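# Secondary and tertiary structure notes
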Amino acid sequence: MSETPDDERLEELREQKMQELQEQAQGQGQGDAEAQQAAQEQAERQQEALLKQYLTDGARQRLNAVEMSKPDFAAQVKQQVTALAKSGRVNGRIDEDQMKELLRELQPDQKSFDIRRR
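Quick look at the structure, then. If you're wondering where the values come from, they're calculated on a predicted model, not measured in any experiment.

All buried positions along helix α4 (residues 96-106) are accounted for by M99, L102, L103 and L106. Buried residues of α4, viewed axially, fall in a sector of 100 degrees; they line one side. For α4, exposure combined with an orientation more than 90 degrees from the buried face picks out D97, R104 and E105. Against α2 (57-69) and α3 (71-87) lie the buried residues of α4.

Here it is in structure tokens:
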């Protein structure tokens, strides 16, 4: 069976439309990723602003020191301080001693091992 010129043209149009749809879908995926990244950066800036507002210099230095050695734990502490500040449970500013206490409270329990020889 030979295809008519109309069938060939129709097939070309289908391929063109399919390619356009694929490019559009890829463009939307990038747009979503960019929007998500922008929202994440905005949230980080808000968190940093709250931390600057509610932490003294000593407390920020202590938190930065913790962040250097344990970034995941520091992120958890930052989230906790931000949540406390947003809920209004922070009276004044958090100083270094209060930050030490908060770090102790949030620190996961240390596991100890007893090794017994027989």
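Structurally, T82 can be placed in helix α3. With relative accessibility at 9%, the residue T82 sits in the buried group.

In summary, soluble globular proteins display a tendency toward joint burial of nonpolar side chains. Within the largest apolar cluster, 19 residues are counted, with the highest numbers of intra-cluster contacts made by L55, V77, V81 and M99. At the level of secondary structure, the elements contributing two or more residues to this core comprise α1 (5-54), α2, α3 and α4. Sort the elements by how many residues they give to this core and α3 lands first, with six residues.

Further remarks concern the layout of surface pockets. For the largest pocket, the calculated volume is near 240 Å³. As for the largest pocket, its lining consists of L84, R89, V90, N91, R93, I94, Q98, E101, L102 and E105. By residue number, the principal contributor to the lining of the largest pocket is α4, which donates four residues. Classifying every residue of the lining of the largest pocket by side-chain character gives four nonpolar, two polar and four charged.

A separate point is the packing of α2 against α4. One way to put it is that α2 packs onto α4 with a least axis distance of 7 Å and a crossing angle of 35 degrees. As for how α2 packs across α4, the hand of that crossing is right-handed. Where α2 approaches α4, its residues G58, A59, R62, L63 and V66 are matched on the opposing element by E96, M99, K100 and L103. For the contact of α2 with α4, the per-class residue count stands at five nonpolar, one polar and three charged.

In contact at an axis separation of 11 Å, α3 and α4 are set at 115 degrees when each is read in the N-to-C sense. One element, α3, and the other, α4, form an angle in the roughly perpendicular class. You can see that α3 and α4 cross each other, and the crossing is right-handed. Of α4, the residues touching α3 (which contributes F73, Q76, V77, Q80 and V81) are M99, L102, L103 and L106. Residue composition of the contact of α3 with α4, by class: seven nonpolar, two polar and no charged.

A few words now on the pattern of salt bridges. With the rule as written, the count across this model stands at six salt bridges. Two residues, R60 and D57, come together in a salt bridge whose shortest N-O distance is 2.6 Å. Residue R60 and its partner D57 are located together in helix α2, separated by three residues, close to a single helical turn. Judged by its relative accessible area of 51%, D57 is exposed. Where K78 meets E67, a salt bridge forms, and the shortest distance between an N and an O atom there is 3.2 Å. Here K78, found in helix α3, pairs with E67, found in helix α2; they are 11 residues apart in sequence, far enough to count as distant. In this structure K78 comes out as buried when scored by relative accessible area, which is 10%. The partly exposed category is assigned to E67, whose relative accessible area is 30%. Linked through salt bridges whose partners overlap, the residues forming this network are E48, E67 and K78.

Rules behind the numbers
- Residues numbered from 1 in each chain as written.
- Predicted model: local features only at pLDDT ≥ 70, side-chain atom pairs only at ≥ 80, totals over all residues.
- Heavy atoms only, no water.
- Buried < 20%, exposed > 50% of the residue type's maximum accessible area, 1.4 Å probe, protein only.
- Helix = DSSP H or I, 4+ residues; strand = E, 2+ residues; numbered from the N terminus.
- Arc of directions from axis to C-beta.
- Contact = heavy atoms within 4.5 Å.
- Core = buried A, V, L, I, M, F, W, Y, C linked by side-chain atoms within 4.5 Å.
- 1 Å grid on protein atoms, 1.4 Å probe; cavity = no way out; pocket = protein on both sides within 12 Å on 5 of 7 lines; lining within 4 Å.
- Points joined across faces, edges and corners; volume = space filled by probe spheres on them.
- Nonpolar A, V, L, I, M, F, W, Y, C, P; charged D, E, K, R; others polar.
- Axes fitted to C-alpha atoms, helices over the stretch in contact; angles between N-to-C directions.
- Left-handed = near helix turned anticlockwise from the far one by under 90°.
- Parallel < 35°, antiparallel > 145°, perpendicular 65-115°, else oblique.
- Salt bridge = Lys/Arg side-chain N within 4 Å of Asp/Glu carboxyl O.

Read these as spatial facts, not as claims about activity.
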